[in-house]
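Architecture at a glance
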Amino acid sequence: MPERVATLSPIRLSVNGREYQLELDHRTTLLDALRENLDLTGSKKGCDHGQCGACTVMLDGRRANACLIFAVAAQTHDITTIEGVGAAGNLHPLQQAFIDHDGLQCGYCTPGQICSAVAMLAEVEAGWPSAVTPDVAAGPVDLDESETRERMSGNLCRCGAYVNIVAAIQDVVG
Amino acid sequence: MTILSPTSIDEAVAALADPAIQVLAGGTDFMVEVNAGHRRPDKVLSLRHIPELRTWEQLPARDDPAHVRLGATVTYTDMLQPDLAQLLPALAHAARTVGSPQIRNAGTIGGNLATASPAGDTLPVLAALEAVVEVASPLGVRDIPVATFITGPKRTALSPGELIVAVRLPLLDGHQEFRKIGVRNAMVIAVASLALAVDTRTRTVRCALGSVGPGPIRATEAEEWLAGTIDWDRPAATTEAPDLAYFGRLVAGAAQPIDDHRGTAAYRRHAIGVLAERAAAQAFGAGSAA
């Protein structure tokens, strides 16, 4: 078997409005770069397969599983992690709503849930249909409970806090 | 491992001259295999930074019928944009059932084709619409009809050094839809799926099946029977409804399902017939629009 050589390259990542210069092995995923190199440990590694959503971040405002993209390939995007969504004393309305409604138990999935919800509200605003929207070309979406559940289906919560997560999101929608 | 990120199709095609290089589009299959240790590439060609692959356009009416051309890295989410969903509703129906929102933001039409999974959600739609795959190589661009592009489970007609650059789909004017069965909506692989498209211009019905064979299957006998049964000159609501259960049985007869951990062959054959009957009822049943 040929020797496996790590290719290191200088890369630049734009995370939460800040530019970071790094030297990374090309094999490094964005999730590992965030957690191991930038110490932004809010994004969690649940499955590393794109199934659980615990690593959800936003790339140019769109939700993405950070485990499914190489950090090198993420250089052109504006990356937002949970650390960029809000902070203690300056919580995002969704963060406050998750607290108010107990939208969590262990909290491991929560950063991903909140990043996902922030981007999801923007998708609804843009009129994007989901699998439960009756007409794919109908335009404005009423974010009721079933739409909320379907649109948050990329984020698993093994504690089963779904009822309160939906309530928290609905509270923010008003 | 080295990643190349070209910014043009020409650069990407040139890079593919290296037989060791592996193409990475949305990463929803590729990265899972990398993270699980099942795929250990030495060289990766990322298509993420090629803007011309990410665009779609409606081709001028010199083509009859008009077509939409989707670049290879158009994502499932892109297919849900209301202006595109309006043109290709069955594709939008399929796109919104793929994975999760995060997966739909990443996964691409070209990736679905190149992966050629028997359960690929857009593949029955592409087969029903008789889409054409545009493939580039140093020799130029060639067209491959979807029917011959998929040659088996996870096998395609792509030659070494070729890159999928676009897919062309005709715009039909009748009812069209996609249906699939899985244990829930999100994050499941289809147990059976079906695309139905009616072309009132040519008075044809197209029906393609997914997850019930090595690749998408056209149910041609069922298509011809249904097209020959309905009265094209009068609105469906005013005519006697065709025997849609019989259509379902013909479709079930066209399936080539296997037993696996997601379902038995017998279940799949039954389920695909039910999907066919329901889709045809939407298109031609009492009170339908077509």
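Residues numbered from 1 in each chain as written. Chains lettered and ligands numbered in written order. Predicted model: local features only at pLDDT ≥ 70, side-chain atom pairs only at ≥ 80, totals over all residues. Heavy atoms only, no water.

**Some thoughts on the domain arrangement of chain B**
All names here are of chain B. The condition is simple: A domain assignment, automatic or from a database, supplies the domain bounds used here. Any two residues whose heavy atoms approach within 4.5 Å at even a single point are treated as in contact. A quick way to say it: buried area is the sum, across both parts, of accessible area lost when two parts are put together, with a 1.4 Å probe. Think of a salt bridge as a Lys or Arg side-chain nitrogen and an Asp or Glu carboxyl oxygen that are within 4 Å of each other. Within 3.5 Å is the distance limit for a polar contact, defined as a pair of N or O atoms, with the added protein rule that one can donate a hydrogen and the other accept it, and that residues adjacent in sequence qualify only through two side-chain atoms. Put simply, DSSP H or I for four residues or longer makes a helix, DSSP E for two residues or longer makes a strand, and each gets a number counted from the N terminus. Residue polarity follows a fixed list, in which Ala, Val, Leu, Ile, Met, Phe, Trp, Tyr, Cys and Pro are nonpolar, Asp, Glu, Lys and Arg are charged, and the others, Gly among them, are polar.
Domain assignment breaks chain B into domain 1 (52-170) and domain 2 (176-284). Inter-centroid distance (C-alpha atoms) of domain 1 to domain 2 is 21 Å. Taken together, the contact pairs 26 residues of domain 1 with 23 residues of domain 2. Summing both partners gives a buried area of about 1,900 Å² for domain 1 against domain 2, and 61% of it is carried by carbon and sulfur. Here domain 1 and domain 2 share three salt bridges between them. A salt bridge links arginine 218 to glutamate 130, with the shortest nitrogen-to-oxygen separation between them at 2.9 Å. Here domain 1 and domain 2 share nine residue pairs in polar contact (both at pLDDT 80 or more) between them. Elements that contribute at least two residues to the side of domain 1 that touches domain 2 include exactly helix H5 (89-95), helix H8 (123-128) and strand S8 (150-152). For the side of domain 1 that touches domain 2, the per-class residue count stands at 18 nonpolar, five polar and three charged.

**Let's talk about unusual backbone geometry**
All names here are of chain B. Going by this rule: Categorising residues by exposure relies on relative accessible area from a 1.4 Å probe, with only protein chains included: less than 20% of the type maximum marks a residue as buried, more than 50% marks it as exposed, and the intermediate range marks it as partly exposed.
Within the chain, alanine 116 stands out as a residue other than glycine whose phi angle is a positive 50°. With respect to the helices, strands and loops of the structure, alanine 116 is situated in the loop between helix H7 (109-115) and H8. A relative accessible area of 1% places alanine 116 in the buried class. Although it is not a glycine, methionine 187 sits at a positive phi angle of roughly 55°. Relative to the helices and strands, methionine 187 is located in the loop between strand S11 (176-181) and strand S12 (192-199).

**Structural notes on the interface of chain A and chain B**
Counting from both sides, the interface comprises 44 residues of chain A and, opposite them, 41 residues of chain B. Taken over both partners, the interface formed by chain A and chain B buries close to 3,400 Å², and the fraction arising from carbon and sulfur atoms is 57%. Our enumeration of links across chain A and chain B arrives at zero salt bridges. Applying the counting criterion to the chain A and chain B interface returns 14 residue pairs in polar contact (both at pLDDT 80 or more). Broken down by element, the residue count for the side of chain A that touches chain B peaks at four residues, all from strand S4 (residues 62-65) of chain A.

**Structural notes on the domain arrangement of chain A**
Residues and elements named next belong to chain A. If you check the domain split of chain A, you get domain 1 (8-84) and domain 2 (93-173). Distance from the C-alpha centre of domain 1 to the C-alpha centre of domain 2: 22 Å. Contacts between domain 1 and domain 2 engage 16 residues on the former and 17 residues on the latter. Buried area between domain 1 and domain 2, both sides added, is near 1,300 Å², and the carbon and sulfur share of it is 59%. Taken as a group, Met58, Arg63 and Ile82 account for 45% of the area that domain 1 buries against domain 2, more than any other trio of residues on that side. Here domain 1 and domain 2 share one salt bridge between them.

**Re the environment of A:Gly50**
Structurally, the position occupied by A:Gly50 is in the loop between helix H1 (30-37) and strand S3 (56-59). On the basis of relative accessibility, which here comes to 3%, the residue A:Gly50 falls in the buried class. It is 20 Å that separates the C-alpha atoms of A:Gly50 and A:Cys106, two residues lying 56 residues apart in sequence. Filtering out sequence-adjacent residues up to four positions away, A:Gly50 remains in contact with A:Asn65, A:Cys67, A:Leu68, B:Ile103 and B:Met187.

**With respect to the side chain of B:Asn105**
Structurally, the position occupied by B:Asn105 is in helix H6 (residues 101-106). Excluding residues within four positions of it along the chain, B:Asn105 makes contact with A:Arg62, A:Arg63, A:Glu123, B:Thr75 and B:Thr77.

**Focus on the packing of aromatic side chains**
Rule in force here: Centres within 6.5 Å are what make two rings of Phe, Tyr or Trp a pair, Trp counting through its six-membered ring; a difference in plane orientation under 30 degrees is then read as stacked, over 60 as edge-to-face, and the rest as tilted. Criterion for a charge above a ring: Lys NZ or Arg CZ within 6 Å of the ring centre, and within 35 degrees of the ring normal.
On inspection of all chains with the given rule, the structure shows two aromatic pairs over all chains. If you follow B:Arg39 out to its NZ or CZ, it ends over the ring of B:Phe30, 4.2 Å from the centre.

**A few points about the packing of helix H11 (residues 244-254) of chain B against helix H12 (residues 265-284) of chain B**
Residues and elements named next belong to chain B. Put simply, the rule is: A fitted line through C-alpha atoms represents every axis, and for helices the fit uses only the stretch in contact; the resulting angles, taken between N-to-C directions, go from 0 to 180 degrees. Small angles under 35 degrees read as roughly parallel and large ones over 145 as roughly antiparallel, with 65 to 115 read as roughly perpendicular and the rest as oblique. In a left-handed crossing the near helix is turned counterclockwise from the far helix by less than a right angle, and in a right-handed crossing that turn is clockwise.
Relative orientation of the contacting elements H11 and H12 amounts to 140°, with a least axis distance of 8 Å. With respect to their mutual orientation, H11 and H12 come out oblique. Once H11 is placed against H12, the crossing between them reads as right-handed. Residue-level inspection shows Leu244, Ala245, Phe247, Gly248, Val251, Ala252 and Gly253 of H11 in contact with H12, the latter providing Arg269, Ile272, Gly273, Ala276, Glu277, Ala280 and Ala281. Here the residues of the contact of H11 with H12 sort into nine nonpolar, three polar and two charged.

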